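Chains, contacts and geometry: an overview
Spelled out, the chains give:
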Amino acid sequence: MMKDPILALDVPNEAKALKLLEHFKGESIPVKIGMELFYRTGASFIESLTARGHPVFLDLKLHDIPTTVERAMINLASLGVSMVNVHAAGGADMMRAAVRGLEAGTPEKSSRPLCLAVTQLTSTDESMLKKELLIKNTMQDTVAHYAANAAQAGLDGVVCSSLEASLVQKTCGSAFLRVTPGIRQASDEANDQVRSTTPSEARAYGSTHIVIGRSVTKSEAPAAAYDTIRNDWRSLS
Ligand SMILES: O=c1ccn([C@@H]2O[C@H](COP(=O)(O)O)[C@@H](O)[C@H]2O)c(=O)[nH]1
């Protein structure tokens with residue numbers, strides 16, 4: 001089934017998040033909560049969003065030693081979120097520990113949150129990969145390798161740019177999720193995103209989900225901006 005774009009609620013506090021969601025008139029669109037909002041509101045706001053029927057992607061990008069990640073995931077699993085994530089650069093043991101923690105922390109009769117691995121941030125380009133991160137492989141090969149590690153560790157998918165989605169699909173299979181931020185319409189500001197595509201390009205390249213933030217949150221008419229993106233995303237189906 002076609003999933004609606006995930007709205008990145010990148011705002012500083014709960015009041016601003018609720019004000020933004022008012023534009024959607026009760027529609028329970030999927031939302032992503034990142035560090036900015038979570039570090040202000042904590043768990044209670046997440047629980048109130050899930051109680052209102054919003055599927056929540058909790059985007060905290062855990063990256064630590066395996067034991068710490070496992071214990072953190074036990075706590076996050078109790079929040080009723082649909083997706084969480086780690087950095088693939090934390091390695092296979094850390095990713096396995098994340099899944100173990102989620103399994104241990106998921107309440108009975110609930111589904112375990114899907115666990116994704118961030119491959120390379122969509123703000124990273126080939127030059128930064130080589131010169132700053134000292135990774136000698138191409139972006140495509142690096143993302144495919146990290147995705148394969150994540151699949152072997154039992155994760156459900158990756159966060160990558162849609163430019164790598166088809167290679168990840170080929171490498172890890174169609175059931176392995178390709179969740180892609182860095183989505184922009186041709187007329188939108190790129191901001192700090194460098195590996196970007198439009199929603200319909202993302203669909204054509206094999207993204208299973210798209211994440212959209214500032215093009216909606218900074219718009220004068222957020223619901224209309226979201227609808228434009230959703231229509232473009234659905235236009236190939
Ligand atoms: O590689 C990544 C991983 C996560 N993100 C997050 O997605 C949104 C994108 O917001 P825009 O305003 O549409 O750029 C944001 O919350 C990032 O933290 C990402 O962009 N790239």
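All residue numbers refer to positions counted from 1 along the written sequence of the respective chain. Given that this is a predicted model, residues contribute local features only at a pLDDT of at least 70 and side-chain atom pairs are listed and counted only at 80 or more, while totals for whole chains, interfaces and linings are drawn from all residues.

1. Some details on the UniProt feature "domain: Orotidine 5'-phosphate decarboxylase" (unreviewed entry) in the protein chain
UniProt positions are given in the numbering used here, feature names are shortened, and annotations may be inferred rather than shown by experiment. Mapped onto this numbering, the UniProt entry gives "domain: Orotidine 5'-phosphate decarboxylase" (unreviewed entry) at residues 4-229. For helices the rule is a DSSP run of H or I covering at least 4 residues; for strands it is a run of E covering at least 2, with both sets numbered from the N terminus onward. Between the C-alpha atoms that bound residues 4-229 there is a distance of 10 Å. The span itself is 43% helix and 15% strand.

2. Here's the deal with the nonpolar core
Residues enter a nonpolar core if they are buried, belong to Ala, Val, Leu, Ile, Met, Phe, Trp, Tyr or Cys, and are joined to the set through C-beta atoms within 7 Å. Counting other C-beta atoms within 10 Å of each residue's C-beta, where C-beta atoms are placed from the backbone, gives the exposure class: buried for 20 or more, exposed for 12 or fewer, partly exposed between. One finds Leu-58, Met-95, Ala-98, Leu-116, Ala-117, Ala-147 and Ala-150 to be the most contacted residues of the largest nonpolar core, which totals 60 residues. Each residue gets a C-beta atom placed from its backbone, and two residues are in contact if those atoms lie within 7 Å. Apart from the residues lying within four places of it in its own chain, the contact partners of Leu-116 are Met-83, Asn-85, Leu-155, Asp-156, Gly-157, Val-158, Val-159, Leu-177 and Val-179.

3. Observations regarding helix α8 (residues 165-172)
Buried within α8 are the following residues: Ala-165, Val-168 and Cys-172. One side of α8 carries all its buried residues, which in axial view fall inside an arc of 60°. Taken together, the buried residues of α8 touch α7 (139-152), β6 (157-159), β7 (177-180) and α9 (199-205). Phi turns positive, to about 95°, at Gly-173, one or two residues after α8. The arc in question is the one traced by the directions running from the helix axis out to the C-beta atoms.

4. A word on the pairing of strand β4 (residues 83-87)
The buried fraction of β4 is high, at five of five residues. Neither face of β4 is open: one carries Met-83, Asn-85 and His-87, the other Val-84 and Val-86, and all of them are buried. Between any two strands, at least two bridges found by DSSP are needed for them to pair. Across three bridges, the pairing between strand β3 (residues 56-62) and β4 is parallel. Considered in β4, the bridge of Phe-57 is made with Met-83. By the bridge criterion, five bridges tie β4 to strand β5 (residues 114-118) in an arrangement that is parallel. The residue bridging His-87 from the neighbouring strand is Val-118, located in β5.

5. Some remarks on the packing of helix α4 (residues 66-77) against helix α5 (residues 92-105)
Lines fitted to C-alpha atoms define the axes, with helix axes restricted to the stretch in contact, and inter-axis angles between N-to-C directions lie between 0 and 180 degrees. Close contact between α4 and α5 brings their axes to 7 Å; oriented N to C, the two are set at 30°. Put simply, α4 runs roughly parallel to α5. In the packing of α4 onto α5, the handedness of the crossing is right-handed. Contacts between α4 and α5 involve Pro-66, Thr-67, Val-69, Glu-70, Arg-71, Ala-72, Met-73, Ile-74, Asn-75 and Ala-77 from the former and Asp-93, Met-94, Ala-97, Ala-98, Arg-100, Gly-101, Leu-102, Ala-104 and Gly-105 from the latter. Three categories are distinguished: nonpolar for Ala, Val, Leu, Ile, Met, Phe, Trp, Tyr, Cys and Pro, charged for Asp, Glu, Lys and Arg, and polar for the others, with Gly belonging to the last. Across the contact of α4 with α5, the residue classes break down as 11 nonpolar, four polar and four charged. Each angle is binned into one of four classes, with values under 35 degrees roughly parallel, values over 145 roughly antiparallel, values of 65 to 115 roughly perpendicular, and all other values oblique. Definitions for this section: a left-handed crossing has its near helix turned counterclockwise from the far helix by less than a right angle. A right-handed crossing has that turn clockwise.

6. Some thoughts on the site of the ligand
The full set close to the ligand counts 15 residues, and Ala-8, Thr-122, Pro-181, Gly-213 and Arg-214 are the nearest of them. Taken together, the residues of the shell around the ligand break down into seven nonpolar, six polar and two charged. Here is the check we use: build the C-beta atom from the backbone, and if it is within 6 Å of the molecule or strand, call the residue near.

7. Examining the UniProt feature "active site" (unreviewed entry) in the protein chain
As annotated in UniProt, the feature "active site" (unreviewed entry) corresponds to Asp-59, Lys-61 and Asp-64 in the numbering used here. If you trace the backbone, Asp-59 turns up in strand β3. Asp-59 has contacts with Lys-32, Ile-33, Gly-34 and Asn-85, leaving out every residue within four places of it along the chain. For Asp-64, a count of 16 C-beta atoms within 10 Å puts it in the partly exposed group.

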